[in-house]
Amino acid sequence: MSNKLSQTVLKVAVNVPLSRQFDYLPGRDGELPAAGCRVRVPFGRRHEIGLVLGHASESSLPATKIRRVNEVIDTEPVIGAAELRLIRFTSDYYHHPIGEVVAAALPALLRQGKALHPSIEMLAITDLGEDADIESLARRAPRQAELLGHLLDAGGNGIEAERLGEEIPGWRRAVRPLIEKGFVARFESRAGDFDESLGGAAQEGPSLNEDQAAALATLRSGDTFGAYLVDGVTGSGKTELYLSRMQDVIDRGQQVLVLAPEIGLTPQLVSRLQQRLGIQPALLHSGRTDVERLAAWRAARSGAARLVVGTRSAIFTPLKNPGLIIVDEEHDHSFKQQEGLRYSARDLAIVRAKHLDIPVILGSATPTLEMLQHCRGGNYQHIRLPVRAGGARPPSVRLVDTMRSPATDGISEALAAAIASHLDADGQVLIFLNRRGFAPTLICAACGHIAECSRCDSRLTVHARSRELRCHHCGAVRPLETCCGECGEAVKPLGEGTERLEDALRTRFPDKTVTRIDSDSMAHKGAMNEALDKATQGHADILVGTQMLSKGHHFPKLTLVGIVNADQGLFGTDFRSAERMAQSIVQVAGRAGRESRAGEVLIQTAFPEHPFWSTLIDGGYEKVSEEALAERELTRWPPFTRLALIRAAAHRHDDAFGFLEMARNRATGSAGDRLRILGPVDAPMARKAGRYRTQLLLQSSDRQTLHKLLSELRPALEEEPLARKVRWSIDVDPIELF
Ligand code: ADP
Ligand code: ZN
């Protein structure tokens, strides 16, 4: 029902999990904020920050029921029409409440209602403070001394208070006496504006080789929308190619948006872009403070930054004058958000480029089957860089049969011998195992009892450094036990994780440095960059790590890569197993022999006869992806069909299951024969963090059928009484089915 009103109503997106817009009347002063402005609105008994999406003269409510806006926060739109279009698209395509999409698109400070140019709390050392006796202060009040020393290093301009929180815990208590003594001044400052000219002079790069030059010509063939897949082996000079194309766009005064995976966005990459282009990039990633992120966002919005570099959520950054979008390492899973708004930044990059009518470049050494299929269909241009640039040869790959050459603590004799010979030749070694901790299982030698998580259907991982048992699914932690909880006999860790490999390598090579890189050893901020710098300079003989080590890094001295347990994906149940496994192996193998010395890759497997290996070793990723595509076409999996996964979790199994049964019944009623409904079934890990998890898979050969169904289903699910007892979500184009 809709009521014609004599007054304009505002259509407002509010950050709540309901897929509708909310109507408000302008405030008493009658000020009518434009679309893209933020407003403070009453919502139930609270107040919320909302974003004006548009104006209307009708409402489903009578005028007397519509509440007024409390305050208009922005005098000009913070989000422009083009970004609003992307936000609307995202909400429609992922069937996700628009208020939550807006929240994802805004920097944290704007989401909280702060001004576009907020004033920032600053602290600076005073002249008196500079003369203070820090050493004697350190004896009486170490925290104060630490803080004062920090501010002394920061200099007279001071430092944002927000930054101190990360470096000096409890600084607020320490700063009070320092201010009272007159050693430190506190003041408010308008956030400093970004200046791209601080980037330094541009440096010349290598001249492009033939393949790169041909690829560049293709990239230059159009300035309107076009998607280009740069499919180039690791070290083939993809980044050099991007740089040339970026230069064109920047020279014209247009902006380039670069999206990179979280762990691929290293200081090495940023400084390379900066040095070569001679401008400072505006950076948007989790390593920056909220104030820095807002400054970068503003610079992108105003056009002051021509180069904008960020991780997933940077896809929503407003751009004044966009000319090009680049998605580096297109295959990387971090582009897909796995909770809340489950969007793919890679896919949205393509949509946004189409909206803006500009080119988008997607690069990878291991492109996803989705992108390859688009190229086959002629929608995207396929650009190949088949050989390494600068003359480096591809690494040789060899399998080690762990049945014949048994492994102790994960390292076979054959691998140990290869490590020794590469180290002797002054090479660097990388040992890859995608499993952190000491061992994945703790078992009782007497009764066979296995330590399990009490809240999940999973085993606890042994962490030897912290002497703990941890659940990698819910985060539960308990002390490492030495006796079996069932029979009291001794327990032992079974299998290996990166900690165990680190110990084993230290024992075998006592005079070499062994550096472990995984999310446990790198938890401390800055630790990763420190370790990577050392590794790049060749100061770590042996690197041991998880996939954190496999992406994008360039270690000049690295000549051997050992893949310890490659079998995890061979018999995977997910239809993406082979694709994933090939991607992860090819990416980590690509770290070997990137400069003059040839690289070698050893893969330990208990199943050397498995056909996957001959396909990968003889035909490379290209062959694996070709076969996988053929299989997907036959079995009707994506990219040949479309999927949506509805997940539900609850403390009672019946609630979760019943919720999805209701969803299935509704879907069956309206679907017809173009839709396949699988489930509901229990998720493979049926219980996690105390909740039972179930799922319903919807599959269709055409997108329209699926989307029509979801747009009817979503509001119905929101209304369903059971929904209050269930945590549920819709995942369009899921990449994890289980
Ligand atoms: P990718 O991004 O494909 O991994 P990069 O662009 O990082 O490749 O290039 C790999 C290495 O080869 C880098 O050290 C780069 O400087 C070098 N390189 C790239 N293109 C050329 C070229 N045309 N001539 C010489 N060296 C090159
Ligand atoms: Zn658990």
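Rules of the game
Residues numbered from 1 in each chain as written. Chains lettered and ligands numbered in written order. Predicted model: local features only at pLDDT ≥ 70, side-chain atom pairs only at ≥ 80, totals over all residues. Heavy atoms only, no water. Pairing = 2+ DSSP bridges. Helix = DSSP H or I, 4+ residues; strand = E, 2+ residues; numbered from the N terminus. Contact = heavy atoms within 4.5 Å. Axes fitted to C-alpha atoms, helices over the stretch in contact; angles between N-to-C directions. Donors = N, O, S within 2.8 Å, 3.2 Å for Na, K, Ca; no water. Tetrahedral: all angles 85-135°; square planar, octahedral: opposite > 155°, others 65-115°. Buried < 20%, exposed > 50% of the residue type's maximum accessible area, 1.4 Å probe, protein only. Left-handed = near helix turned anticlockwise from the far one by under 90°. Nonpolar A, V, L, I, M, F, W, Y, C, P; charged D, E, K, R; others polar. 1 Å grid on protein atoms, 1.4 Å probe; cavity = no way out; pocket = protein on both sides within 12 Å on 5 of 7 lines; lining within 4 Å. Points joined across faces, edges and corners; volume = space filled by probe spheres on them. Phe/Tyr/Trp six-rings, centres within 6.5 Å; stacked < 30°, edge-to-face > 60°. Parallel < 35°, antiparallel > 145°, perpendicular 65-115°, else oblique. Arc of directions from axis to C-beta. Polar contact = N/O pair within 3.5 Å; in protein donor to acceptor, adjacent residues only side chain to side chain. Near = heavy atom within 4 Å. Areas by Shrake-Rupley, 256 points an atom, 1.4 Å probe, with all protein chains shown as cover.

1. Examining the sheet that holds strand S5 (residues 71-72)
An order of S2-S1-S4-S3-S5 is seen for the 5 strands of this open sheet, with the pairing classed as antiparallel. Only two strands of the sheet have a single partner each, and these edge strands are strand S2 (22-24) and S5. As paired strands, strand S3 (residues 38-43) and strand S4 (residues 46-59) are joined by 6 bridges and run antiparallel to one another. Directly across from Val-39, in S4, lies its bridge partner Gly-50. Across the sheet, helix H2 (residues 98-105) lies against strand S1 (3-14) and S4, angled at about 50 degrees from S1, the strand it touches most.

2. Some remarks on the coordination of the zinc ion (ligand 2)
Surrounding the zinc ion (ligand 2) are the protein donor atoms Cys-453 (SG), Cys-456 (SG), Cys-471 (SG) and Cys-474 (SG), at 2.3 Å. Given 4 donor atoms and angles of 106 to 113 degrees at the metal, the environment of the zinc ion (ligand 2) is assigned as tetrahedral. Donor residues for the zinc ion (ligand 2), ordered by position in the chain, follow C-x2-C-x14-C-x2-C. Residue Cys-453 is found in the loop between strand S20 (441-444) and strand S21 (461-463), and its partner Cys-474 is found in the loop between strand S22 (468-470) and strand S23 (477-479); the two are separated by 21 residues along the sequence. For Cys-453, a relative accessible area of 7% translates into the label buried.

3. Thoughts on the packing of helix H18 (residues 577-589) against helix H19 (residues 611-635)
Contact geometry of H18 with H19 gives a least axis separation of 10 Å together with a crossing angle of 145 degrees. Regarding H18 and H19, the two cross each other, and that crossing is left-handed. Counted together, Ala-578, Glu-579, Met-581, Ala-582, Gln-583, Ile-585 and Val-586 of H18 and Phe-612, Trp-613, Leu-616, Tyr-621, Val-624 and Arg-632 of H19 form the full contact between these two elements. Taken together, the residues of the contact of H18 with H19 sort by class into 10 nonpolar, 1 polar and 2 charged.

4. Side note on the sheet that holds strand S19 (residues 428-432)
Read from one edge to the other, the open sheet built from 6 strands follows the order S16-S28-S27-S19-S26-S25, with strand pairing classed as parallel. The sheet terminates laterally at strand S16 (396-401) and strand S25 (514-517), the two strands that pair on one side only. Going from strand to strand, the sheet's axes swing by 20 degrees on average, the running direction of each strand aside. Bridge count between S19 and strand S27 (residues 558-563): 5 bridges; the pairing is parallel. Residue pairing in the sheet places Val-429 in a bridge with Leu-560 of S27.

5. Considering empty space enclosed by the protein
Scanning the model with the defined rule gives 1 cavity of 30 Å³ or more in all. Counted as a void, the largest cavity has a volume near 60 Å³. In terms of lining residues, the largest cavity is bounded by Thr-239, Tyr-242, Met-246, Val-258, Leu-269, Leu-273, Ile-326 and Asp-328. Within the residue set of the lining of the largest cavity, elements represented by two or more residues are helix H10 (238-251), helix H11 (267-277) and strand S13 (322-328). For the lining of the largest cavity, the element with the most residues is H10, which contributes 3 residues.

6. Concerning the packing of aromatic side chains
With the rule as written, the count across this model stands at 8 aromatic pairs. Between Phe-22 and Phe-43, the ring centres sit 5.1 Å apart and the planes meet at 85 degrees, which makes this aromatic pair edge-to-face. Linking Phe-22 in strand S2 with Phe-43 in strand S3, this pair joins segments that are 21 residues apart in sequence. Pair check on accessibility: Phe-22 and Phe-43 agree, each one buried.

7. A word on the packing of helix H1 (residues 81-93) against H2
Viewed as axis vectors pointing N to C, H1 and H2 meet at an angle of 130 degrees, and their least axial separation amounts to 9 Å. Overall, the two elements H1 and H2 adopt an arrangement that is oblique. For the pair H1 and H2, the crossing hand works out as right-handed. Of the residues in H2, those in contact with Ile-87, Arg-88, Thr-90 and Ser-91 of H1 are Ile-98, Val-101, Val-102 and Ala-105. For the contact of H1 with H2, the per-class residue count stands at 5 nonpolar, 2 polar and 1 charged.

8. Some words on helix H9 (residues 210-219)
Every α-helix carries 3.6 residues per turn, so stepping three or four residues along brings you back to the same face. Turning to H9, its buried residues are Gln-212, Ala-215, Leu-216 and Leu-219. Angular distribution of buried residues about the axis of H9 spans 100 degrees; they occupy a single face of the element. Contacts from the buried residues of H9 go to strand S9 (226-232), H10, strand S14 (359-364) and strand S15 (381-385). Where H9 begins, the capping side chain belongs to Asn-209, and its oxygen is found 3.2 Å from the backbone nitrogen of Asp-211.

9. Quick word on the site of ligand 1
Surveying the vicinity of ligand 1 reveals 16 residues, the closest of which are Ser-207, Gln-212, Lys-238, Thr-239 and Arg-272. The backbone of Ser-207 places a nitrogen or oxygen atom 2.9 Å from a nitrogen atom of ligand 1. Here an oxygen atom of ligand 1 sits 2.8 Å away from a polar atom, N or O, in the side chain of Arg-272. Here ligand 1, which alone exposes 560 Å², has 77% of that area covered by the protein. If one sorts the elements of the shell around ligand 1 by residue count, H10 sits on top with 3 residues.

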